[in-house]
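Working through the structure, step by step
The lines below spell out each chain.
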Amino acid sequence: GGAGIDCIQASPKIRFCTFRHNWSSLGGAVRLLCESDPQIVGCVFDDNRATQGGGAGSGGGLYMQAHCDPTILNCTFSENHAFHIGGGAA
């Protein structure tokens, strides 16, 4: 999961990044697990995909597990796709 960034019990500041053309089974671009609470500010999520193989295929741009509480401000989600749920985010 998380072809661009995979956070496991981590809370980084992710600012002004572009996530484009990433592919993964959960969180095509970014996956947040186990109480990760990052700040995601001014980022672009474009043409990322959550694929069927090896996982649920959810969260084309961003996948968040329960108990994660990110701050997401001024981000753009466009043309993201998911096999199951949440083309932009799940």
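The text that follows walks through the structure, step by step, so that each part is easy to find.

1. Concerning the nonpolar core
Core analysis: the biggest nonpolar cluster contains 12 residues, these being Cys7, Ile14, Phe19, Ala29, Val30, Leu32, Ile40, Cys43, Phe45, Leu62, Cys68 and Cys75. Filtering out sequence-adjacent residues up to four positions away, Ile40 remains in contact with Ile14, Phe45, Leu62, Thr71, Ile72, Leu73 and Cys75.

2. A short note on the environment of Ser36
Assignment of secondary structure puts Ser36 in the loop between strand 5 (30-33) and strand 6 (39-41). In this structure Ser36 comes out as buried when scored by relative accessible area, which is 0%. Spatially, the C-alpha atom of Ser36 lies 16 Å from that of Ala3, the residues being 33 residues apart in sequence. Of note is the side chain of Ser36, whose polar atom sits 3.2 Å from the backbone nitrogen of Gln9. Polar side-chain contacts of Ser36 include one of 3.2 Å to the backbone nitrogen of Ala10.

3. Considering the sheet that holds strand 2 (residues 13-15)
Pairing is parallel across the open sheet formed by three strands, whose spatial order is 2-6-10. Pairing within the sheet leaves two strands with one partner each, and these edge strands are strand 2 and strand 10 (71-73). Each neighbouring strand pair of the sheet contributes to a mean axis angle of 5 degrees, computed without reference to strand direction. Bridging between strand 2 and strand 6 involves three bridges; their strand directions are parallel. If you follow Arg15 over to strand 6, its bridge partner there is Val41.

4. A short note on the sheet that holds strand 7 (residues 44-46)
Taken together, the three strands give an open sheet; going across it, the order is 3-7-11, and neighbouring strands pair in parallel fashion. The sheet is open, and its two edges are formed by strand 3 (18-20) and strand 11 (76-78), each paired on a single side. Neighbour-to-neighbour, the strand axes of this sheet turn through a mean angle of 5 degrees, independent of strand direction. Relative to strand 7, strand 3 runs parallel, the two being bridged by three bridges. Its bridge partner being in strand 7, Arg20 is matched across the sheet by Asp46.

5. Looking at the pairing of strand 5
Along a regular strand, successive side chains alternate from one face of the sheet to the other. Neither face of strand 5 is left uncovered, since the one carrying Val30 and Leu32 and the one carrying Arg31 and Leu33 both have all their residues buried. Taken together, the four bridges between strand 1 (residues 5-8) and strand 5 define a ladder with parallel strand orientation. Note on strand 5: the bridge partner recorded for Ile8 is Leu33. As paired elements, strand 5 and strand 9 (residues 62-64) share three bridges and run parallel to each other. The residue bridging Leu32 from the neighbouring strand is Met64, located in strand 9.

About the cut-offs
- Residues numbered from 1 in each chain as written.
- Predicted model: local features only at pLDDT ≥ 70, side-chain atom pairs only at ≥ 80, totals over all residues.
- Heavy atoms only, no water.
- Core = buried A, V, L, I, M, F, W, Y, C linked by side-chain atoms within 4.5 Å.
- Buried < 20%, exposed > 50% of the residue type's maximum accessible area, 1.4 Å probe, protein only.
- Contact = heavy atoms within 4.5 Å.
- Helix = DSSP H or I, 4+ residues; strand = E, 2+ residues; numbered from the N terminus.
- Polar contact = N/O pair within 3.5 Å; in protein donor to acceptor, adjacent residues only side chain to side chain.
- Pairing = 2+ DSSP bridges.
- Axes fitted to C-alpha atoms, helices over the stretch in contact; angles between N-to-C directions.

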